[in-house]
Amino acid sequence: MIVDQGDLSDGVESSPNAPAPQELQLADTVEGDIQAFRAKLSKSKRIIVLAGAGLSAASGIPTFRGNGGHWRKHDVLSLATPAAFIGNPSRCWQFHHYLREIMFKSTPNAAHMALARFALPQLRHTLSPGSSFTLITQNIDGLDRRAIEQVYQEHGVPSPFSSDTQEQPSGDPVLIEMHGQIAGVLCTNYECRHRELNYDSPICAGLAGTEVLVEGVPEGDAKTSQEERKGPKRSASEARAWAEARLAGLKQENESAAADPEVPLEDLPRCKKCGALTRPDVVWFTEVPQRIDEVMRVVENADLCMVVGTSAVVHPAATFSTKVKENGGTVAVFNIERSKRDAVADYVFLGPCEDLLPRALAVEDR
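For every chain, the first residue of the written sequence is number 1, and numbering continues from 1 onward in sequence order. Totals for whole chains, interfaces and linings use every residue, but because this is a predicted model, local features are given only for residues with pLDDT of at least 70 and side-chain atom pairs only at 80 or more, for both listing and counting. To get the side-chain values, take all heavy atoms of the structure and skip hydrogens and water.

### Some details on the sheet that holds strand β9 (residues 278-282)
At step 1: With antiparallel pairing, the three strands of this open sheet are ordered in space as β8-β7-β9. Pairing within the sheet leaves two strands with one partner each, and these edge strands are β8 (195-197) and β9. Averaged over neighbouring strand pairs, the angle between their axes works out to 35° when direction is ignored.
At step 2: Pairing geometry for strand β7 (residues 180-187) and β9, over four bridges, is antiparallel. Bridging across to β9, V185 finds its partner in P280. By the convention used here, strands pair only if DSSP detects at least 2 bridges between them. Secondary structure elements are taken from DSSP: a helix is a run of H or I of four residues or more, a strand is a run of E of two residues or more, and numbering for both begins at the N terminus. Convention adopted: a line fitted to C-alpha atoms gives each axis, helices being fitted over their contacting stretch, and angles between N-to-C directions are expressed from 0 to 180 degrees.

### Focus on the nonpolar core
At step 1: We call a set of buried residues a nonpolar core when its members are Ala, Val, Leu, Ile, Met, Phe, Trp, Tyr or Cys and they connect through side-chain atoms within 4.5 Å of each other. Exposure categories follow from relative accessible area, calculated using a 1.4 Å probe and restricted to protein chains: below 20% of the type maximum is buried, above 50% is exposed, and the middle band is partly exposed. With 39 residues, the main nonpolar core has F37, M306, F334 and L357 as its most contacted residues.
At step 2: The dominant element in this core, judged by the number of residues it contributes, is helix α4 (residues 110-119), at seven residues.
At step 3: Setting aside its immediate chain neighbours within four residues, F37 contacts L304, M306, A332, F334, Y347, F349 and A360.
At step 4: Of all hydrophobic cores here, the second largest spans 24 residues; its members include V76, L79, F95 and I140. We call two residues in contact whenever any of their non-hydrogen atoms come within 4.5 Å of each other.

### Digging into the confidence of the model for the chain
At step 1: Per-residue pLDDT for the chain has a mean of 83; in total, 77% of the residues score no lower than 70.
At step 2: pLDDT expresses how confident the predictor is about each individual residue, on a scale running from 0 to 100. Per-residue pLDDT stays below 50 along residues 7-16; that stretch engages in 14 contacts with residues further than four places along the chain or on separate chains.
At step 3: Segment residues 249-258: pLDDT under 50, and 14 contacts once partners within four positions in sequence are set aside and those in other chains are kept.

### Some thoughts on the state of the cysteines
The bond known as a disulfide is covalent and runs between the sulfur atoms of two cysteines.
At step 1: Note on terminology: disulfide denotes any pair of cysteine sulfur atoms within 2.5 Å. In the structure shown here, the tally under the stated rule is zero disulfides.
At step 2: Free cysteine C274: the closest other cysteine sulfur is in C187, separated by 3.5 Å.

### Let's talk about the packing of α4 against helix α11 (residues 353-360)
Two numbers describe a pair of packed helices, the interaxial angle and the distance between the axes.
At step 1: Contact pair α4 / α11: the axes reach a minimum separation of 7 Å and the direction vectors enclose 25°. Classified by the interaxial angle, the pair formed by α4 and α11 is roughly parallel. Note on packing geometry: the crossing formed by α4 with α11 is left-handed. Every residue of α11 that contacts α4 at A110, A111, A114 and L115 is listed here: C353, E354, L357 and P358.
At step 2: Think of it as three bins: nonpolar holds Ala, Val, Leu, Ile, Met, Phe, Trp, Tyr, Cys and Pro, charged holds Asp, Glu, Lys and Arg, and polar takes everything else, Gly as well. Looking at the contact of α4 with α11 residue by residue, the classes come out as seven nonpolar, no polar and one charged. Oblique is the label for any angle not covered by the other classes, which are roughly parallel (under 35 degrees), roughly antiparallel (over 145) and roughly perpendicular (65 to 115). Less than a right angle of anticlockwise turn of the near helix away from the far helix marks a crossing as left-handed, whereas a clockwise turn marks it as right-handed.

### So, the pattern of salt bridges
At step 1: Each salt bridge in this description consists of a side-chain nitrogen of Lys or Arg and a carboxyl oxygen of Asp or Glu lying within 4 Å of one another. The full count for this structure, using the stated rule, is 14 salt bridges.
At step 2: With a shortest N-O distance of 2.7 Å, R145 and E177 are connected by a salt bridge. On the criterion of sequence distance, the pair formed by R145 in helix α6 (residues 143-154) and E177 in strand β6 (residues 175-177) is long-range, its members being 32 residues apart.
At step 3: On the accessibility criterion, E177 (10% relative accessible area) is buried.
At step 4: Shared partners join several salt bridges into a network, and the residues in it are R46, D172 and R297.

### Side note on the environment of V333
At step 1: Secondary-structure assignment places V333 in strand β11 (residues 330-335).
At step 2: Taking the C-alpha atoms as reference points, V333 and Y347, 14 residues apart in sequence, are found 6.1 Å from one another.
At step 3: Ignoring any residue separated from it by four or fewer positions in sequence, one finds V333 in contact with V307, D342, A345, Y347, V348 and F349.

### Re the packing of aromatic side chains
At step 1: To pair, rings of Phe, Tyr and Trp, with the six-membered ring standing in for Trp, must have centres within 6.5 Å; the planes then decide the type, stacked if under 30 degrees apart, edge-to-face if over 60, and tilted in the middle. Summed over all chains, the structure comprises 10 aromatic pairs.
At step 2: Ring plane angle 70° and centroid distance 5.6 Å describe the contact between F37 and F334, whose orientation is recorded as edge-to-face. Here the residue F37 occupies a position in helix α1 (residues 21-42), and F334 occupies one in strand β11, the gap between them amounting to 297 residues.
At step 3: The class of F37 is buried, set by a relative accessible area of 0%.

### Things to note about the packing of α4 against α6
At step 1: The contact between α4 and α6 brings their axes to 8 Å, and the two run at 55°. Taken together, α4 and α6 sit at an angle that is classed as oblique. Along this stretch, α4 crosses α6, giving a crossing that reads as right-handed. Across the interface between the two elements, H112, M113, A116, R117 and A119 from α4 touch L143, D144, A147, I148, Q150, V151 and Y152 from α6.
At step 2: In terms of residue class, the contact of α4 with α6 is made up of eight nonpolar, two polar and two charged.

Now the structure itself:
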């Protein structure tokens, strides 16, 4: 069952104010399939959501997909590995500082809020009585957590992330951030390994201002040599001055000097307990997701899986919907475009998550 919300504007209108017959038919199809999905949802008991970058796109979080997969001319995949951090902790921290500043300023969108309302038992049970719910997110922006905390607070319910809050009767957590979150920092000293959430902006003085330098080396010739692309090193203050000049429309005399500023190691974020260098506490490529045993247990027991805003091609997330389907469960995909995961889906809804989820997960307020 495949529904493309984008098709609703494809019909030819017979008058400026009247929708075309094809448009009406497609609208009826979308609404009918949403109602069919809600009927299935009402009978489900162990509901999970696998969320990806598409969920946060409407909040202004860059997805780094396709041609947008670069930051300062660097392939993002080359900035999010343990080797990248070891080889150039200054560049790696600058990239994650850039993400921190964007994500801290962003707010949950309608899709986040629809999931957060569904996460609250007293609201969810109006649609799906006696069910449990777990949101497994691949995102590191923390917007899922903020949305859930907001909804719980609005309804006078203690935060599910509080240490003294009881778990759901199923024992399943409400939220699993399997790739960590951008506010997290982890000490690199193996005798310490202190980890915490740090919402300071900036996280340290040495990184202040580097977030505005997003172009790095100038556009130039695509065949520029590696040595030319590296360019001269500059301090963070010099980088900020350069970026502000660019933003003001001023022409830099020596534009070839645009390169990654060099933040000294001692000026990068340090552990508050032992003083050692810290790293972003997020899961990089080649690393094992956080709470993976818990994730696999929840997936194994699920009878309905919603795949939201992700193509789910990176393992182990790529196996989740297939596992639920093999166990006799239902799979529903909500995404902006088709993906390989659609092959195992019972429902495929194509369109912006912020438009589809509030309709699919509408619950009666209490």
